[in-house]
Amino acid sequence: MSLHEYEPGSPFPGVVGKTLDESSPAWPAPNRAVEGAPNVIVFVLDDVGFGQLGPFGGLVETPTLDRLSQSGLRYSNMQTTALCSPSRGSVLTGRNHHALGLSAITELSLGFPAHNGIMGAEHGFLSEILLEKGYNTFAIGKWHLTPPEEGTLAGPFNRWPLGRGFERYYGFLGGDTDQWHPDLTYDNHPVEQPRTPEDGYHLNIDLADKAIEFIKDANNNAPEKPFFLYYATGAGHAPHQVEKEWVEPYRGQFDSGWDAYRETVLQRQVEMGIVAPGTVLAERDPDVPAWDSLSEDEQRMYARQMETYAGFLTQTDHHFGRIITYLDEIGESDNTIVVVISDNGPSAEGGVHGTFNEMLFFNGTPETLEDNMAHFDDWGGVDTFPHYSWGWTWAGATPFRRWKRETYRGGISDPFILSWPAGISDRGSVRSQYAHAIDIVPTLLEALDVEPPSEIGGVAQSSFHGVSFASSFDDADAESLHTTQYFEMFGHRSIYHKNWRAVCPFPGPSFAEAAEKGRYFGGPLTADVLADLDENAWELYDLNTDPTETTNVAEDHPQKLTELIELWYGEADRYGVLPLATADMARMNVERPSIARPRTKYVYQPGGAAVPFAASPRVYNRAHSITAELNYSGEAEGVLIAHGNRHGGYTLFIQDGRLHYVHNYLGRDFFRVSSPDPLPTGDLVVRYEFEPTAPPDFTVGKGAAGRGQLYVNSELVASNEFEFTVPNLFGIIGVSCGRDGIDSVSPTDYASPFEFSGELSQVTIDVSGDVIIDNEAELQRLMTQQ
């Protein structure tokens, strides 16, 4: 007998009598998906350029993406926002990023609607829509959509994944993480990695394992229920870390350099139909040296950097392929829509040389070829946190100019694959319709035959800004319905309209020119500067004949340029882009609201989760103390408190009966102070104090020199001079009390977690001392963690 069901919220249609025999039952209908509804996977890569992946002519092997390309379509004219968080917000909501409050990453928020980093509930996520349509919803990997002041275990959690329609989450909340020792969150709480790199751990393995586990759990219990999986890896964002067996197959493959790479990739793109015959490469980037001008060591080092990056992407593709293989096993692959996109163009954050430890860049520490060469053999291993030279960034954007953070096509035009064997008949083809990240949600909803909801959870919904391109699935000649799209990132502006593009570069067409103007990260964009830019800096490109933006035709078509500039301002008004804000020092010094009041003393008890690094006490360049209260048996040992990891940090620990403090300067120098005699037993108060003796030298990335001192029960027991310290950022791991929970700050002394085996009551960090701040270095850190 079938059950009598009714729509929840409507009147009860049954009969309620005095007894059961006088009554008729009816049940609120459960939230079921339409029978046969497709599964959906959205796979977001990080900092992967248009010309890097195999299906788009790149020289990185990606068998899984090759397969998806052949079972679906490649779109050669897909655009993003030029930056991480903004693109992810657009991919998940179908709205332009300024309207979401995501003009940039959330760490650079400002008190204006376009910039506050707070996505309102009126902009529903795809996960929230599909959850109400009977889907399971899972998020795996990088999030970077939560304001940092809301990223601690004090909450609130409504902008964490589980607060935006995802039922399960496993990944990292911030902009990047160590692939060997990641900062992991499971649902709404931090967790530690299940095994060590020595036992075979790598984040990409872990993420794929969890994705399969989530799907399997749902399939075991309700095999007919569809799922939505949002899968966002750290690859190819730095750190470029991967097992050697994935790097070695590429040995020697990039020895011909980035100039030759671009020529080869363009030829492949033409042969594949990714770009039209006759397409020419954008001119040499002014910031990138010619390959044949480099020394032999430079060429060897830079080639190794690209070998590692390529291995990283191939390994990422392999583990994503394990998810697709599992869908084969359960018979779901044909009826699964898989979308693959990168969040922006390739990253130039490695600078001209690349770096073995990106923490050097975050701290303004000069990088040298000699430093990099010392890590040639272990590049990408656990003791490196590497990024490649921006010569490979330029090559990775082939055939376009520039890169991430800029709104030339190299920063916004990205690879895009849509696979759906059961729903696309013209499989393996290329589509050239103009599209943007905001079009993905409308397209998926049309494919799923789901109407956009007027409200979610009682909140009225804003309209989508994107349009569906589903009409192109089986019609290569379908009209491009997305005819106009504005772009803005840190004052760098452009607009597309019916195959014309106008671009207004800011701070300049190259980093070198920007540096000369004192605007490396944008500088102040005043009304006078803006007027000058609008009068003199806009460029115009006819994409019908010049898709790679090589020839500025502004002088030939002044009326068209004026039309597009006016259109940009019209779109800016429509989507709330203004006021324009660059990545300058003023943005660093903005006071932001927080549930946590400012404090100078932080008290931690052991047994809690690690504190996120953004919420950890900033001890840099100031007098500070660390005081631990414990009962010491004479045999106990372990970490009392630690902040950071092997790439930079500090640790206070007891070992061999003595108290030790180690300051790890970015994996290069270690400063230590240790008590000479065994600690007394019983109740103890041990303290480390740092007293600056010389100011920091930010020009060379060195923090304040000072005197490190150890006290036991108020008695000075040891002192040592530290020549310099970390000026701005330890490793991207926060404070752990009673253990070094994620990765050892001092690997030569102990392996993590090295949990303290005695009785530790609490540890207090006092940062009431005066501080010297390098705002530019702090901004540089935030700009690279996107």
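Rules used throughout
One numbering rule holds for all chains: residues counted from 1, following each sequence as written. Only residues with pLDDT of 70 or above have their local features reported here, since the model is predicted, and side-chain atom pairs are shown and tallied only from 80 upward, although totals for entire chains, interfaces and linings are computed over all residues. Side-chain calculation: all heavy atoms of the structure are included, whereas hydrogens and water are not. A run of H or I in DSSP counts as a helix once it spans at least four residues, and a run of E counts as a strand once it spans at least two, with each numbered from the N terminus. Only C-alpha atoms enter the radius of gyration; for comparison, a globular chain is expected to reach 2.2 Å times N to the power 0.38, where N is the number of residues. For every residue, the accessible area (1.4 Å probe, protein chains only) is compared with the maximum for its type, and the residue is labelled buried under 20%, exposed over 50%, or partly exposed between those bounds. Throughout, a residue-residue contact means that at least one pair of heavy atoms, one from each residue, lies within 4.5 Å. Each accessible area is a Shrake-Rupley result for a 1.4 Å probe, and residues are judged covered by the shown protein chains and nothing else. Charged-residue counts in this description rest on Lys and Arg as positive and Asp and Glu as negative, His and the chain ends being excluded. Just so you know, the charge point we use is NZ for Lys, CZ for Arg, CG for Asp and CD for Glu. Two strands are said to pair when DSSP picks up at least two bridges between them. A fitted line through C-alpha atoms represents every axis, and for helices the fit uses only the stretch in contact; the resulting angles, taken between N-to-C directions, go from 0 to 180 degrees. Definition used in this section: a nonpolar core is a set of buried Ala, Val, Leu, Ile, Met, Phe, Trp, Tyr and Cys residues joined via side-chain atoms within 4.5 Å. The term polar contact refers here to a pair of N or O atoms within 3.5 Å; inside protein, the definition further demands a hydrogen-donor-capable atom paired with an acceptor-capable atom, and it admits residues adjacent in sequence only when both atoms are side-chain atoms. Working definition: a ring pair exists when centres of Phe, Tyr or Trp rings (six-membered ring for Trp) sit within 6.5 Å. Plane angles under 30 degrees give stacked, over 60 give edge-to-face, the rest tilted. Charge over a ring is defined by NZ of Lys or CZ of Arg lying within 6 Å of the ring centre and within 35 degrees of the ring normal. Think of a 1 Å grid over the protein atoms and nothing else: a 1.4 Å probe that fits but is trapped marks a cavity, an open set flanked by protein within 12 Å on at least five of seven lines marks a pocket, and residues with an atom within 4 Å of a point count as lining. Grid points are joined across faces, edges and corners, and a volume is the space filled by probe spheres set on the points. By the convention adopted, Pro, Cys, Tyr, Trp, Phe, Met, Ile, Leu, Val and Ala count as nonpolar, Lys, Arg, Asp and Glu as charged, and the other residues, Gly among them, as polar. By convention in these notes, a salt bridge is any Lys or Arg side-chain nitrogen within 4 Å of a carboxyl oxygen on Asp or Glu.

1. Describing the overall build of the chain
- Of the regular secondary structure elements, the chain holds 17 helices and 30 strands.
- Taking 2.2 N^0.38 as the reference for a compact globule, 786 residues should give roughly 28 Å; the C-alpha atoms of the chain span a radius of gyration of 27 Å, in line with that estimate.
- Along the first, second and third principal axes, the C-alpha atoms of the chain reach 90 × 80 × 50 Å.
- Per-residue burial over the chain gives 61% buried out of 786 residues.
- In the chain, of all internal contacts separated by at least 6 residues, the share reaching a separation of at least 24 is 75%.
- Of the roughly 28,900 Å² of accessible surface on the chain, a fraction of 49% belongs to carbon and sulfur atoms.
- Treating the 53 positive side-chain charges of the chain as one cloud and the 111 negative ones as another, the clouds have centres 2 Å apart.

2. Regarding the sheet that holds strand β19 (residues 539-542)
- Taken in spatial order, the four strands make up an open sheet running β16-β17-β18-β19, and their pairing is antiparallel. Each having just a single partner strand, β16 (484-489) and β19 make up the two edges of the open sheet. The average undirected angle you get between the axes of adjacent strands in this sheet is 15°.
- The strands that helix α15 (residues 558-575) touches are β16, β17 (492-497), β18 (500-504) and β19; relative to β17, the one it contacts most, it runs at about 105°.

3. A short note on unusual backbone geometry
- The amide bond that connects A235 to the next residue, G236, takes the cis arrangement and shows omega of -5°.
- Looking at where G236 falls in the secondary structure, it is placed in the loop between β9 (227-232) and α5 (244-247).
- A cis amide bond, omega 5°, links T398 with the succeeding residue P399.
- Structurally, the position occupied by P399 is in the loop between α10 (390-396) and α11 (409-412).
- Backbone geometry places N499, a non-glycine residue, at a positive phi of 70°.
- Here N499 shows up in the loop between β17 and β18.

4. Topic: the nonpolar core
- Of all hydrophobic cores here, the largest spans 117 residues; its most connected members are L229, Y231, I323 and W392.
- The dominant element in this core, judged by the number of residues it contributes, is helix α7 (residues 296-329), at twelve residues.
- When neighbours within four sequence positions are excluded, W392 is seen to be in contact with Q52, F254, G257, W258, Y261, W291, Y302, A303 and M306.

5. With respect to the side chain of T146
- Locating T146 in the fold gives a position in the loop between β5 (136-142) and β6 (168-172).
- At a separation of 2.6 Å, a polar atom in the side chain of T146 contacts the main-chain carbonyl oxygen of R159.
- Sequence-distant contacts of T146, that is, excluding residues within four places in its chain, are made with T106, G151, R159 and W160.

6. What to know about helix α12 (residues 440-448)
- By the criterion of burial, α12 is predominantly enclosed, with seven of the nine residues buried.
- Every buried residue of α12 is listed here: I440, V441, P442, T443, L444, L445 and L448.
- Downstream of α12 by a residue or two, D449 has a phi angle that is positive, lying close to 60°.

7. Looking at the packing of aromatic side chains
- Counted by the stated rule, this structure contains 43 aromatic pairs.
- Considering the side-chain rings of Y6 and F12, the 5.9 Å spacing of their centres and the 80° angle between planes classify their relative orientation as edge-to-face.
- Assessed through its relative accessible area of 17%, Y6 is described here as buried.
- Judged by relative accessible area, F12 falls into the partly exposed class, the value being 37%.
- On the numbers, 6.5 Å between centres and 65° between planes, the contact of F653 with F754 is edge-to-face. Placement of the pair is F653 in strand β23 (residues 648-655) and F754 in the loop between β29 (735-737) and β30 (759-766), with a sequence separation of 101 residues.
- On the basis of relative accessible area, F653 is assigned to the buried category, the value being 0%.
- The exposure class of F754 is buried, given its relative accessible area of 15%.
- Three or more aromatic residues joined by ring pairs form one cluster here, namely Y620, Y650, Y661, Y665, F671, Y688, F690, F722, F724 and F730.
- Its end group placed over the ring of Y408, R401 keeps NZ or CZ at 4.0 Å from the ring centre.
- Lying across the ring of W568, R493 places its NZ or CZ 5.1 Å from the centre.

8. Notes on the sheet that holds strand β27 (residues 705-712)
- What the six strands build is an open sheet, ordered β20-β30-β21-β26-β27-β28; its pairing is antiparallel. Here the strands that pair on one side only, and so sit at the sheet edges, are β20 (601-604) and β28 (715-722). Within this sheet the neighbouring strands show an average axis-to-axis angle of 15°, counted without direction.
- As paired strands, β27 and β28 are joined by seven bridges and run antiparallel to one another. By the bridge assignment, G708 is partnered in β28 with N720.

9. Structural notes on the side chain of T548
- Mapped onto the secondary structure, T548 falls in the loop between β19 and α15.
- With near-sequence residues (within four places) excluded, T548 lies in contact with T279, V280, L281, A282, P399, F400 and R401.

10. Here's the deal with the layout of surface pockets
- Its boundaries defined by the atoms lining it, the second largest pocket holds a volume of some 520 Å³.
- Around the second largest pocket, the lining is made up of 26 residues, and of these N77, A276, R409, L543 and P547 lie nearest the centre.
- Along the lines of polarity and charge, the residues of the lining of the second largest pocket split into eleven nonpolar, 13 polar and two charged.

11. A closer look at the environment of R164
- Position of R164 among the secondary structure elements: in the loop between β5 and β6.
- Given a relative accessible area of 4%, R164 falls into the buried group.
- Linking R164 and F125, residues 39 residues apart in sequence, is a C-alpha distance of 6.6 Å.
- Apart from residues lying up to four places away in sequence, R164 is in contact with M119, G120, A121, H123, G124, F125, S127, E128, W143, N158 and R159.

12. A word on the pattern of salt bridges
- Counted by the stated rule, this structure contains 37 salt bridges.
- The closest approach of N and O atoms between E213 and R168, which form a salt bridge, is 3.9 Å. Of the two residues, E213 is situated in helix α4 (residues 203-221) and R168 in strand β6; the sequence distance between them amounts to 45 residues.
- Here E213 falls in the partly exposed class, since its relative accessible area comes to 30%.
- R168 gets classed as partly exposed once you look at its relative accessible area, which sits at 21%.
- Among the ionic pairs, R707 bridges to E721, the shortest N-O distance being 2.7 Å. One end of the pair, R707, is in strand β27; the other, E721, is in strand β28, with 14 residues separating them in the sequence.
- For R707, a relative accessible area of 24% puts it in the partly exposed group.
- One salt-bridge network, held together by shared partners, links D46, R88, K142 and D343.

13. Some points on the environment of I105
- Looking at the secondary structure, you find I105 in the loop between α2 (84-93) and α3 (126-131).
- Overall, I105 belongs to the buried group, its relative accessible area being 2%.
- Along the primary structure I105 and L83 are separated by 22 residues, whereas in three dimensions their C-alpha atoms are 7.8 Å apart.

14. Considering the pairing of strand β25 (residues 669-674)
- As paired strands, strand β24 (residues 658-665) and β25 are joined by six bridges and run antiparallel to one another. Along β25, the bridge assignment pairs Y665 with D669.
- Counted between consecutive antiparallel strands, the loop separating β24 from β25 contains three residues, among which L666 sits at a positive phi close to 55°.

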